[in-house]
Amino acid sequence: MNNIKPLIIVLLLVLLIILLFYLVRIAVMIWTGCSAEEATRKIHAVMRPNSQTYHVKDDVLLIQDLWKAVRAIIGDARFNRLVALSQITPIFLSGEASGIPYIALAVPYNSASEKMQAETLLSNILQRHLVSHGLYGQVLVDWTHHMGLQMPFIMLRYAETPEEKEILANTINQTVNQMTQQNGSVTDEDIDDV
């Protein structure tokens, strides 16, 4: 019974700290008019003023997770050829396109299934890392073809700032609208036909 009291006190303190964090976050959101993610970043900036700003392109764990997924998708033989090629030319790129940062990886897929797996797995990995750092979790996937290497690259576009978040959200909405116009909207009859 004596061992339970300290545990209960610790749990109550943890709950109090969590409650205080949420109350402070709500106060910051009301005071500044920002979103929950932005309020969390502002609180972190105040609590850890000397910490460096997180950038996705510099996240070593993210990059390792992405390459592990690529290896799982394309297999060891093609992945080893990709590693050998990386000694000669870059197979991982980062930059900014249309005001949105991106990371791009060479993914020499052989089938539509591998391409779909790459899109799903790699975007999910990036989303997980973005959310864990309090960033906007949407990812826009594009494919490009590297002319010199004659190899497909998957381009994962994301947002780190509120301005980039707005641009990314608008780009995603435009892409969805274009796809809907090209393919037509889905009706109940279309679903019944399948």
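Above this note sits the structure.
Along each chain, residues carry numbers from 1 onward, in the same order as the chain's sequence is written. Note on the predicted model: pLDDT of at least 70 is required for a residue's local features to be given, and 80 or more for side-chain atom pairs to be given and counted; whole-chain, interface and lining totals, by contrast, use all residues. Side-chain metrics in this entry use all non-hydrogen atoms of the structure; hydrogen atoms and water are not considered.

1. Brief notes about the overall build of the protein
- Looking only at helices and strands, one finds 7 helices and 4 strands in the protein.
- Secondary structure of the protein in N-to-C order comes out as α-α-α-α-β-β-α-β-β-α-α.
- Taken against the 2.2 N^0.38 rule, which gives 16 Å for 194 residues, the C-alpha radius of gyration of the protein at 22 Å runs more than 25% over that of a compact globule.
- C-alpha extents for the protein along the principal axes are approximately 65 × 50 × 40 Å.
- Burial statistics for the protein: of 194 residues in total, 29% are counted as buried.
- We call two residues in contact when some of their heavy atoms are within 4.5 Å. Counting contacts in the protein only where the partners sit at least 6 residues apart, residues at least 24 apart contribute 61% of the total.
- On the protein, roughly 12,900 Å² of surface is accessible, and the fraction owed to carbon and sulfur atoms is 60%.
- Note on charges: Lys and Arg go in the positive column, Asp and Glu in the negative column, and His and the chain ends are not counted at all. By convention, the point assigned to a charge is CZ for Arg, NZ for Lys, CD for Glu and CG for Asp. In the protein, 14 positive and 19 negative side-chain charges are present, and the distance between their average locations comes to 12 Å. Only DSSP runs of H or I covering at least 4 residues are called helices, and only runs of E covering at least 2 are called strands; the numbering of each starts at the N terminus. C-alpha atoms define the radius of gyration in this analysis, and the globule rule sets the expected value at 2.2 Å times the number of residues to the power 0.38. The rule is simple: take the accessible area with a 1.4 Å probe, protein chains only, and divide by the maximum for that residue type; under 20% is buried, over 50% is exposed, in between is partly exposed. Here the Shrake-Rupley method, with its probe set to 1.4 Å, supplies the accessible areas, and only the displayed protein chains count as covering residues.

2. Focus on helix α5 (residues 112–132)
- To estimate the expected span of a helix, subtract one from its residue number and multiply by 1.5 Å. Between its first and last C-alpha atoms α5 spans 30 Å; for 21 residues at 1.5 Å apiece the expected length is 30 Å, and the two agree.
- Taken together, the buried positions of α5 are occupied by Glu114, Ala118, Leu122, Ser123, Ile125, Leu126, His129 and Leu130. Along the axis of α5, the buried positions cluster into a sector of 160°, meaning they face one direction only. Turned more than 90 degrees away from the buried face of α5 sit Ala112, Val131 and Ser132, all of them exposed.
- For α5, the elements touching its buried residues are α3 (60–74), α4 (76–86), β2 (100–106), β3 (140–146) and β4 (151–157).
- The positive-phi residue at the C-terminal boundary of α5 is Gly134, with phi of around 75°. The arc in question is the one traced by the directions running from the helix axis out to the C-beta atoms.

3. Section: the nonpolar core
- Nonpolar cores are built from buried Ala, Val, Leu, Ile, Met, Phe, Trp, Tyr and Cys residues. Side-chain atoms within 4.5 Å join them into one set. Core analysis: the largest hydrophobic core is formed by 31 residues, its most contacted members being Val70, Leu122, Leu126 and Leu156.
- Counting only elements with at least two residues in this core, the list comes to α3, α4, β2, α5 and β4.
- Among the elements that take part in this core, α3 stands out by supplying 7 residues, more than any other.
- Sequence-distant contacts of Val70, that is, excluding residues within four places in its chain, are made with Gly75, Phe79, Leu82, Leu105, Ala106, Val107 and Leu122.

4. Quick word on the layout of surface pockets
- Approximately 180 Å³ is the volume found for the second largest pocket.
- Computed over the protein atoms alone on a 1 Å grid, cavities are sets of points where a 1.4 Å probe fits but cannot get out and pockets are open sets with protein on both sides within 12 Å along at least five of seven lines; a residue lines them when it has an atom within 4 Å of a point. The wall of the second largest pocket is formed by Val139, Leu140, Val141, Asp142, Ile172, Thr175, Val176 and Met179.
- Of all the elements in the fold, those that place two or more residues in the lining of the second largest pocket are β3 and α6 (162–183).
- When residues of the lining of the second largest pocket are assigned to their parent elements, the largest contribution, 4 residues, is made by α6.
- Any residue that is not Ala, Val, Leu, Ile, Met, Phe, Trp, Tyr, Cys, Pro, Asp, Glu, Lys or Arg is counted as polar, Gly included; the first ten are nonpolar and the last four charged. Looking at the lining of the second largest pocket residue by residue, the classes come out as 6 nonpolar, 1 polar and 1 charged. Grid points are joined across faces, edges and corners, and a volume is the space filled by probe spheres set on the points.

5. A short note on the packing of α3 against α4
- At a minimum axis separation of 7 Å, α3 and α4 run at an interaxial angle of 130°. In terms of axis orientation, α3 runs oblique to α4. Mapping the contact onto sequence places Trp67, Val70, Arg71, Ile73 and Ile74 in α3 and Asp76, Arg78, Phe79, Asn80 and Leu82 in α4.
- The residue makeup of the contact of α3 with α4, split by class, is 6 nonpolar, 1 polar and 3 charged. Only the stretch in contact is used when a helix axis is fitted, and all axes are lines through C-alpha atoms; the angle between N-to-C directions ranges over 0 to 180 degrees. The scheme is simple: roughly parallel for angles under 35 degrees, roughly antiparallel for over 145, roughly perpendicular for 65 to 115, oblique for anything else.

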